[in-house]
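Observations on chain architecture
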Amino acid sequence: AAGVIQSPRHLIKEKRETATLKCYPIPRHDTVYWYQQGPGQDPQFLISFYEKMQSDKGSIPDRFSAQQFSDYHSELNMSSLELGDSALYFCASSLIGGSGEAFFGQGTRLTVV
Amino acid sequence: AQSVAQPEDQVNVAEGNPLTVKCTYSVSGNPYLFWYVQYPNRGLQFLLKYITGDNLVKGSYGFEAEFNKSQTSFHLKKPSALVSDSALYFCAVRDYNAGNMLTFGGGTRLMVKP
């Protein structure tokens, strides 16, 4: 079965650079979530989209932005990167009208040096 | 606001013994509760969920969880632990009266020793 696809799997950036993370949800899922997981931390909710509209907003810094496109894939754009942005970034998708559980991608490991 | 608490950072159990990983939650409306497992450098894998109905839900790999409304708990259990169950376990809650956001607990590391 198709799963959530994230790219790239690993990314190394320097401070003050920008990064774009991509997420391709499970086909026919209508909701995408972005989470940030720092070392030894639980996943922290950043932002979600339902039917291409932002639906919830969590602890996403102003330097970050995200959007969901017409084909339902989503991108997380991160600017002015800081060392503290180094983390695993997970995308998840779900079908709101279905049973509700979210399915997670493998994550993108971002390292800021 | 919704929240989840996992009071134990780590649970140690011998292989073959029963295991329990604790979770309590707080929501203003009706809770939808989930358990996920995370292996090193991997994404979170869905284990089981409680939406409505029977308080005891069964999930993948022999895991089950019991919803207790009066104690606002959703503890994860397994009758006989395997070494391969060693991983990080996250409890999560969604309040369907308050948006789609999944809120996770801090995680509990399960160590099963042979």
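Residues numbered from 1 in each chain as written. Chains lettered and ligands numbered in written order. Predicted model: local features only at pLDDT ≥ 70, side-chain atom pairs only at ≥ 80, totals over all residues. Heavy atoms only, no water.

1. A look at the environment of leucine 44 of chain B
- Checked against the element boundaries, leucine 44 of chain B lands in strand β6 (residues 44-50).
- The spatial distance from the C-alpha of leucine 44 of chain B to the C-alpha of glycine 59 of chain B is 15 Å, given a sequence separation of 15 residues.
- Each residue touching leucine 44 of chain B, except ones within four places of it in the same chain, is listed here: Pro43, Phe90 and Phe104 of chain A together with Tyr36, Val37, Gln38, Phe90 and Phe104 of chain B. (Helix = DSSP H or I, 4+ residues; strand = E, 2+ residues; numbered from the N terminus. Contact = heavy atoms within 4.5 Å.)

2. Things to note about the confidence of the model for chain A
- Of all residues in chain A, 96% have pLDDT values of 70 or greater, and the mean over the chain is 92.
- The spread of mean pLDDT over the elements of chain A runs between strand β6 (residues 53-57) of chain A, the lowest at 87, and strand β3 (residues 19-24) of chain A, the highest at 98. (pLDDT = per-residue confidence, 0-100.)

3. Section: unusual backbone geometry
Residue and element names in this part refer to chain A.
- Here the amide bond leading from serine 7 into proline 8 is cis, since omega sits at -10°, within 30 degrees of zero.
- If you trace the backbone, proline 8 turns up in the loop between β1 (5-7) and β2 (10-13).
- With phi around 75°, tyrosine 72 is a residue other than glycine that occupies positive phi space.
- Counting through the fold element by element, tyrosine 72 comes out in the loop between β7 (64-68) and β8 (74-78).
- In the Ramachandran plot, serine 80 falls in the positive-phi region, its phi being about 45° despite a non-glycine side chain.
- Turning to its location among the elements, serine 80 is positioned in the loop between β8 and β9 (87-94).
- Using a relative accessible area of 39% as the deciding quantity, one classes serine 80 as partly exposed. (Buried < 20%, exposed > 50% of the residue type's maximum accessible area, 1.4 Å probe, protein only.)

4. Points about the packing of aromatic side chains
- On inspection of all chains with the given rule, the structure shows 15 aromatic pairs over all chains.
- Between phenylalanine 34 of chain B and tyrosine 36 of chain B the ring centres are 6.5 Å apart and the planes differ by 35°, which places this aromatic pair in the tilted class. Residue phenylalanine 34 of chain B shares its accessibility class with tyrosine 36 of chain B, and that shared class is buried.
- Members of the aromatic cluster, connected to one another through ring pairs, are Tyr35, Phe45, Phe90, Phe103 and Phe104 of chain A together with Phe34, Tyr36, Phe46, Phe90 and Phe104 of chain B.
- The ring of phenylalanine 63 of chain B has lysine 78 of chain B sitting right over it, with the charged end atom 5.0 Å from the ring centre. (Phe/Tyr/Trp six-rings, centres within 6.5 Å; stacked < 30°, edge-to-face > 60°. Lys NZ or Arg CZ within 6 Å of the ring centre and 35° of its normal.)

5. Structural notes on the layout of surface pockets
- Taken as a whole, the largest pocket spans an internal volume of roughly 420 Å³.
- Lining the largest pocket we find 22 residues, and of these Gln37, Pro39 and Gly40 of chain A together with Leu88 and Arg109 of chain B sit closest to its centre.
- Taken together, the elements giving at least two residues each to the lining of the largest pocket come down to β9 and β11 (108-112) of chain A together with β10 (87-95) of chain B.
- Quantified by volume, the second largest pocket comes out at close to 250 Å³.
- In terms of lining, the second largest pocket is formed by 13 residues, of which the most central are Phe103, Phe104 and Gly105 of chain A together with Leu44 and Gln45 of chain B.
- Contributions of two or more residues to the lining of the second largest pocket are made by β10 (103-104) of chain A together with β6 of chain B.
- Of the residues forming the lining of the second largest pocket, the biggest block, three residues, is contributed by β6 of chain B.
- Residue composition of the lining of the second largest pocket, by class: seven nonpolar, five polar and one charged. (1 Å grid on protein atoms, 1.4 Å probe; cavity = no way out; pocket = protein on both sides within 12 Å on 5 of 7 lines; lining within 4 Å. Points joined across faces, edges and corners; volume = space filled by probe spheres on them. Nonpolar A, V, L, I, M, F, W, Y, C, P; charged D, E, K, R; others polar.)

6. Description of the side chain of histidine 73 of chain A
Residue and element names in this part refer to chain A.
- Looking at the secondary structure, you find histidine 73 in the loop between β7 and β8.
- When its relative accessible area of 10% is taken as the criterion, histidine 73 is described as buried.
- Within the structure, histidine 73 has its side chain in polar contact with the side chain of glutamate 75 (distance 3.0 Å). (Polar contact = N/O pair within 3.5 Å; in protein donor to acceptor, adjacent residues only side chain to side chain.)

7. Quick notes on the sheet that holds β8 of chain A
All names here are of chain A.
- The strand order β1-β3-β8-β7 describes an open sheet built from four strands, whose pairing is antiparallel. Both outer strands of the open sheet, β1 and β7, are each paired with one neighbouring strand and no more. Ignoring which end each strand starts from, the neighbouring axes of this sheet average 15° apart.
- Strand direction decides the pairing type here: β3 and β8, joined by five bridges, are antiparallel. Note that in β8 the partner of alanine 19 across the bridge is methionine 78. (Pairing = 2+ DSSP bridges. Axes fitted to C-alpha atoms, helices over the stretch in contact; angles between N-to-C directions.)

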